[in-house]
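Structural description and commentary
Spelled out, the chains give:
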Amino acid sequence: MTSAPTSPGRRERHKRTTRQALEEAALVLFARDGFDATTVEAIAERAEVSPRTFFRYFAAKEEVLDMGWAERRERLARLVREAPAVADDLAAAVAALEGIAVDFEAERHRVVLRAAAVASSSALRGRTADTLTAWEATLAEGLAARRGLDVPDEEAGVAAAVAVALWRWAIRRWAASAADHAATDPVEPRGDAPGGVPLRELLQRAAAHLTAPS
C-alpha cells in the first residue's frame, strides 16, 4: 500500500519550520561565535540538516540576517502613507516607524540576536547602515507623496533623517534592555525576555524630546 502524497499545506509547513530552524541556528551562532567565524556547515549541523539543505533556503549566510527587510520596507512605505492627515512630516514618519516597532516587539529575541551578530562584523554594520539609508529614502518619498510632491523636498528629507536617527537610538536602548532581562545565556533561544520598556514607547519618548517646550 502506497502512502498518500504530502499535501501542499504540509509541505509548506515543513519548509517554514526548516527555514525557521536554520535562521534560529544561524542567529545563535552569529551572536555567540561572531558572524565571520560561523560557517554554513556549523549552522546546518546545529539545525540538524545538511549544508545542501541550507542552500535550498539561502544563497549565503548573509541572507539569514535579512529577516524580511524588503517586505519591511514596503510596509514602512504603506504606514507613512496611512499616517494621520493632520500629522506634520516628522510626526508622520515617527508614526510609521511605530508600526515597525510593533512588528519588532513580536520577535524581540531574534532582533537581539541579530544585533549581537551585527556587532561582531564591520561588514554587517555597513549592511545595516545601508538598510537604514533605504528606510530614510522610503520615508522621505512617502512624506513627499502625502503633500502631493513627486520628489522629496528639504522638509521631507530632514524629517525622514531625524526619524531614522530616533529609531537608531530607540532600537539600541531596546535591544540592550532585552539582553539585560534575558536568561543567563542570552544567545540561547528562550523566547521574548520579560520586562524592559517597549520599543514603541522608547521611540515615542525620543520624539517627545524634540517637541517638548524648552
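Residues numbered from 1 in each chain as written. Predicted model: local features only at pLDDT ≥ 70, side-chain atom pairs only at ≥ 80, totals over all residues. Heavy atoms only, no water.

1. Digging into the overall build of the protein
On a plain count of helices and strands, the protein comes out with nine helices and zero strands. Put simply, the protein has 214 residues, and 40% of those count as buried. Sequence-distant contacts in the protein: of pairs separated by 6 or more residues, those separated by 24 or more amount to 72%. (Helix = DSSP H or I, 4+ residues; strand = E, 2+ residues; numbered from the N terminus. Buried < 20%, exposed > 50% of the residue type's maximum accessible area, 1.4 Å probe, protein only. Contact = heavy atoms within 4.5 Å.)

2. Considerations on the packing of aromatic side chains
Considering all chains together, one arrives at seven aromatic pairs under this definition. Clustering of aromatic rings is evident, with ring pairs tying together Trp69, Phe104, Trp135 and Trp167. Positioned above the aromatic ring of Phe35 is the side chain of Lys61, whose terminal nitrogen or guanidinium carbon lies 4.4 Å from the ring centre. A cation sits over an aromatic face here: Arg72 above Trp69, 5.7 Å from the ring centre. (Phe/Tyr/Trp six-rings, centres within 6.5 Å; stacked < 30°, edge-to-face > 60°. Lys NZ or Arg CZ within 6 Å of the ring centre and 35° of its normal.)

3. Concerning the environment of Ala93
Tracing the backbone shows Ala93 in helix α5 (residues 89–105). Along the backbone, Ala93 and Thr138 are 45 residues apart, and their C-alpha atoms lie at a distance of 9.9 Å. Leave out the neighbours within four places in its chain, and Ala93 touches Leu139, Leu143, Ala159 and Ala163.

4. Brief notes about unusual backbone geometry
Of all residues except glycine, most have a negative phi; of all peptide bonds, most are trans. Even without a glycine there, the phi angle at Glu48 is positive, about 65 degrees. Counting through the fold element by element, Glu48 comes out in the loop between α2 (40–47) and α3 (51–57). According to the relative accessible area criterion, Glu48 is exposed, its value standing at 72%.

5. A short note on α2
Residues of α2 that are buried: Val40, Ile43, Ala44 and Ala47. The buried residues of α2 occupy one face: seen down the axis, they fall within an arc of 95 degrees. Within two residues after α2, Glu48 carries a phi angle of roughly 65 degrees, on the positive side. (Arc of directions from axis to C-beta.)

6. Quick notes on the pattern of salt bridges
Enumeration over the complete set of coordinates arrives at 11 salt bridges. Salt-bridge contacts for Glu12 lead to Lys15; the nearest nitrogen and oxygen are separated by 3.6 Å. Of this pair, Glu12 and Lys15 both sit in helix α1 (residues 8–33), separated by three residues, roughly a single helical turn. The exposure class of Glu12 is partly exposed, given its relative accessible area of 44%. Between Asp89 and Arg147 there is a salt bridge, with its nearest N and O atoms 2.8 Å apart. Of the two residues, Asp89 is situated in helix α5 and Arg147 in the loop between α7 (122–146) and α8 (154–180); the sequence distance between them amounts to 58 residues. Under the relative-accessibility criterion, Asp89 is labelled buried at 6%. The class of Arg147 is partly exposed, set by a relative accessible area of 35%. Three or more residues joined by partner-sharing salt bridges are found here, namely Arg19, Glu23 and Arg110. (Salt bridge = Lys/Arg side-chain N within 4 Å of Asp/Glu carboxyl O.)

7. What about the environment of Phe30?
Its location among the elements puts Phe30 in helix α1. Given a relative accessible area of 0%, Phe30 falls into the buried group. Distance from Phe30 to Arg114, taken between C-alpha atoms, is 7.9 Å for residues 84 residues apart in sequence. The residues contacting Phe30, other than those within four sequence positions of it, are Phe35, Thr38, Ile43, Lys61, Val64, Leu65, Ala117 and Ser120.

8. Focus: the confidence of the model for the protein
On average, residues of the protein score 86 in pLDDT, and 86% of them reach the 70 mark or higher. Ranking the elements of the protein by mean pLDDT puts helix α6 (residues 108–119) last, at 86, and α2 first, at 96. Considering only residues more than four positions removed or in separate chains, one finds that residues 182–195, a stretch of pLDDT under 50, has 28 contacts. (pLDDT = per-residue confidence, 0-100.)

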